[in-house]
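Chain and residue survey
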Amino acid sequence: MPHLDAAYNLARWLTRNEHDAEDVVQDAYLRAFRFFDGFRGDEGRAWLLTIVRHTCYSWLEKNRPAEVSAGFDEEAPAEERAGFDPDMMVAEGGNPEAIALQNAQRRILNQAIAELPLGFREVLILRELEDLSYKEIARVIDVPVGTVMSRLARARKLLRQSAPLRAMSGLPAAEVKP
Amino acid sequence: MNCRDALDLVDGYVDGELDLVKSLEIEQHLGACPACKVQYDQVRELGSGIRAHALYHAAPKGLRARVAAALPREPASRMRAWGWRGMAAALALATLLGLGFGLTLLQPGADERLAREVVAAHVRSLMADHLMDVASSDQHTVKPWIAGKLDFSPPVEDLAARGYALAGGRLDYLGERGVMALVYRRHAHVINLFVWPQASGADSGVRSDSIQGYNVAHFTRAGMVFWAVSDLNPEEFKAFVGLVRDQLASAR
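Just so it is clear, the model here is predicted, and its values are computed rather than measured. (Residues numbered from 1 in each chain as written. Chains lettered and ligands numbered in written order. Predicted model: local features only at pLDDT ≥ 70, side-chain atom pairs only at ≥ 80, totals over all residues. Heavy atoms only, no water.)

1. Regarding a negative patch on the surface
A cluster of acidic residues, Asp5, Asp8, Asp19 and Glu25 of chain B, forms a negative patch at the surface. Its place among the elements puts Asp8 of chain B in helix H1 (residues 3-14). (Patch = residues over 30% accessible without salt bridge, like charges linked within 9 Å, V, L, I, M, F, W, Y side chains within 5 Å. Areas by Shrake-Rupley, 256 points an atom, 1.4 Å probe, with all protein chains shown as cover. Salt bridge = Lys/Arg side-chain N within 4 Å of Asp/Glu carboxyl O. Lys, Arg positive; Asp, Glu negative; His and termini not counted. Charge placed at Lys NZ, Arg CZ, Asp CG, Glu CD. Helix = DSSP H or I, 4+ residues; strand = E, 2+ residues; numbered from the N terminus.)

Laid out in structure tokens, this is it:
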């Protein structure tokens, strides 16, 4: 059963729930096997992710329709304001404070990604965690390659400006960084 | 390159997705423009932050076994290759099937289930290159080939003289048994005619409906069940079904 981790990772990020992700993955593999006999090489991963994504959307439309359309305004200009400082993600040294800080930051980053609207979250996950090319992402989410680039740019901008990360910029703990 | 262009392209640059000319242009701009350079650094560092710290949710332990248990023993489809176009059709179909649809003319229950299978088999046959196992317009080639594979000898007629050319045949799987699929062409349209023997064998009239844009019709004749499916327009499709029935009547 190829690409199970990739399938689950995408489903987990899109549904934001372990049990729902498992159901979606099972359904997606059934669909995949019903229609096709084999998976080929690495192209097979993008193809399978297409089915997983599609299954996620079907599931979300049925169970949480609000999430599918919520907050997905591609055209609205992003406000320019002081954003997240990625340097803070780098905790150096092995002291307990640094590790605790890093854990807190990790939690905050994951929360910020999880709070992105679905349409932005998916391109970010496919690019940064699944390492798909723009062309592959374009196939998976069925939009032109140019749209992938602009949507990804906007996803990153939203993430930098998102409440959890901005709140983190103000954390006094951030000053501890060596 | 000005700042606006550079900011539009900076994500593509970070992701290594720009062509050589654009890459060189933006490189030059970033070297000369501190403001854009800050944007570039932010995008790049955010990316490494995500890759380093965002959770990659690996599949939980039991999931592999659970999915494996849910899968059919053998793949239902005999397709050896798949393509993106075929996939799109399959997904569209899967969605439609998932949403459910009402069949008005076909009998509910067994007929409806079978109709779904027939449409699915038709769509599958158009994907990749598995329309035909034997490509021949010669009924004397198609018939023995199929007879050698199945436990029945189906009636095979070329209807080219009437505008419906026999293009070949293939084995398929419907209603939990191996069936013959005869492939006919009318202009650019493909018609799949599925045939298999039926125990009860009583002749029946034509029942038809349209499912997701495909016309579907079935009838029983001479101990054989016939299901036809195509995206052909309803008039020509109906004419085809009529022709098949006429041929069967005259062959007896």
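2. Looking at the pattern of salt bridges
Within the structure shown, the criterion is met by 19 salt bridges over all chains. Glu22 of chain A serves as the salt-bridge partner of Arg66 of chain B, at 3.2 Å between the closest nitrogen and oxygen. Of this pair, Arg66 of chain B sits in helix H4 (residues 63-70) while Glu22 of chain A sits in helix H2 (residues 18-35), each in a different chain. In this structure Arg66 of chain B comes out as partly exposed when scored by relative accessible area, which is 30%. Glu22 of chain A sits in the buried class, given a relative accessible area of 16%. A salt bridge links Glu67 of chain A to Arg64 of chain A; its shortest N-O distance comes to 3.1 Å. If you follow the salt bridges from partner to partner, you end up with Arg127, Glu128, Asp131 and Arg156 of chain A together with Asp11, Asp15 and Arg51 of chain B in one network. (Buried < 20%, exposed > 50% of the residue type's maximum accessible area, 1.4 Å probe, protein only.)

3. Topic: the side chain of Arg12 of chain A
Looking at where Arg12 of chain A falls in the secondary structure, it is placed in helix H1 (residues 4-15). Nearest to the buried, unbridged Arg12 of chain A among oppositely charged side chains is Glu18 of chain A, at 4.5 Å. Each residue touching Arg12 of chain A, except ones within four places of it in the same chain, is listed here: Asn17, Glu18 and Ala21 of chain A together with His57 of chain B. (Contact = heavy atoms within 4.5 Å.)

4. A word on the packing of H1 of chain B against helix H2 (residues 20-32) of chain B
Residues and elements named next belong to chain B. Taken N-terminus to C-terminus, the directions of H1 and H2 make an angle of 115°; their axes are 10 Å apart at the nearest point. For the element pair H1 and H2, the recorded crossing hand is left-handed. Across the interface between the two elements, Cys3, Ala6, Leu9, Val10 and Tyr13 of H1 pack against Lys22, Ser23, Ile26, Glu27, His29 and Leu30 of H2. Counted by class, the contact of H1 with H2 contains seven nonpolar, two polar and two charged residues. (Axes fitted to C-alpha atoms, helices over the stretch in contact; angles between N-to-C directions. Left-handed = near helix turned anticlockwise from the far one by under 90°. Nonpolar A, V, L, I, M, F, W, Y, C, P; charged D, E, K, R; others polar.)

5. Looking at the side chain of Arg186 of chain B
Mapping Arg186 of chain B onto the fold places it in strand E3 (residues 177-186). Not counting residues up to four positions away in its chain, the partners in contact with Arg186 of chain B are Arg162, Gly163, Tyr164, Leu232 and Glu236 of chain B.

6. Looking at the packing of aromatic side chains
Given two aromatic rings, their pairing is described by the distance between the two centres and the angle made by the two planes. All names here are of chain B. Taken as a whole, this structure holds four aromatic pairs over all chains when the rule is applied. When the centroid spacing of 5.3 Å and the interplanar angle of 50° are considered together, the rings of Tyr164 and Phe240 count as tilted. With Tyr164 in the loop between helix H7 (139-147) and strand E2 (165-174) and Phe240 in helix H8 (residues 234-251), this residue pair connects regions lying 76 residues apart in the sequence. Tyr164 sits in the buried class, given a relative accessible area of 3%. For Phe240, a relative accessible area of 0% translates into the label buried. Look at Phe219 and Phe226: their rings are 4.9 Å apart centre to centre, the planes differ by 10°, and that puts the pair in the stacked class. (Phe/Tyr/Trp six-rings, centres within 6.5 Å; stacked < 30°, edge-to-face > 60°.)

7. A short note on the confidence of the model for chain B
Residues and elements named next belong to chain B. Looking at chain B as a whole, the pLDDT averages 78, with 75% of positions reaching at least 70. Within chain B, the element-level pLDDT minimum falls on helix H5 (residues 84-99), averaging 48, and the maximum on H1, averaging 93. Note that residues 74-87 has pLDDT below 50 and, in this model, 40 contacts with residues that lie over four places away or in other chains. Here residues 94-105 scores under 50 on pLDDT; set against residues more than four positions off or in separate chains, the count is 19 contacts. (pLDDT = per-residue confidence, 0-100.)

8. Considerations on the nonpolar core
Within the largest apolar cluster, 68 residues are counted, with the highest numbers of intra-cluster contacts made by Val25, Tyr29, Ile113 and Leu159 of chain A. Broken down by element, the residue count for this core peaks at nine residues, all from helix H3 (residues 43-63) of chain A. Those residues within four positions of Val25 of chain A in sequence are excluded, and the remaining contacts are Leu4, Ala7, Tyr8 and Ala11 of chain A together with Leu63 and Val67 of chain B. One finds Leu159, Met224, Leu243 and Leu248 of chain B within the second-largest nonpolar core, a separate group that totals 23 residues. (Core = buried A, V, L, I, M, F, W, Y, C linked by side-chain atoms within 4.5 Å.)

9. Details of the pairing of strand E5 (residues 207-211) of chain B
Residue and element names in this part refer to chain B. Bridge analysis of E5 against strand E6 (residues 214-221) gives five bridges, and the strand direction is antiparallel. Bridge pairing links Ser210 to Asn215 in E6. Two successive antiparallel strands, E5 and E6, enclose a turn made up of two residues, where Gln212 displays a positive phi of approximately 50°. (Pairing = 2+ DSSP bridges.)

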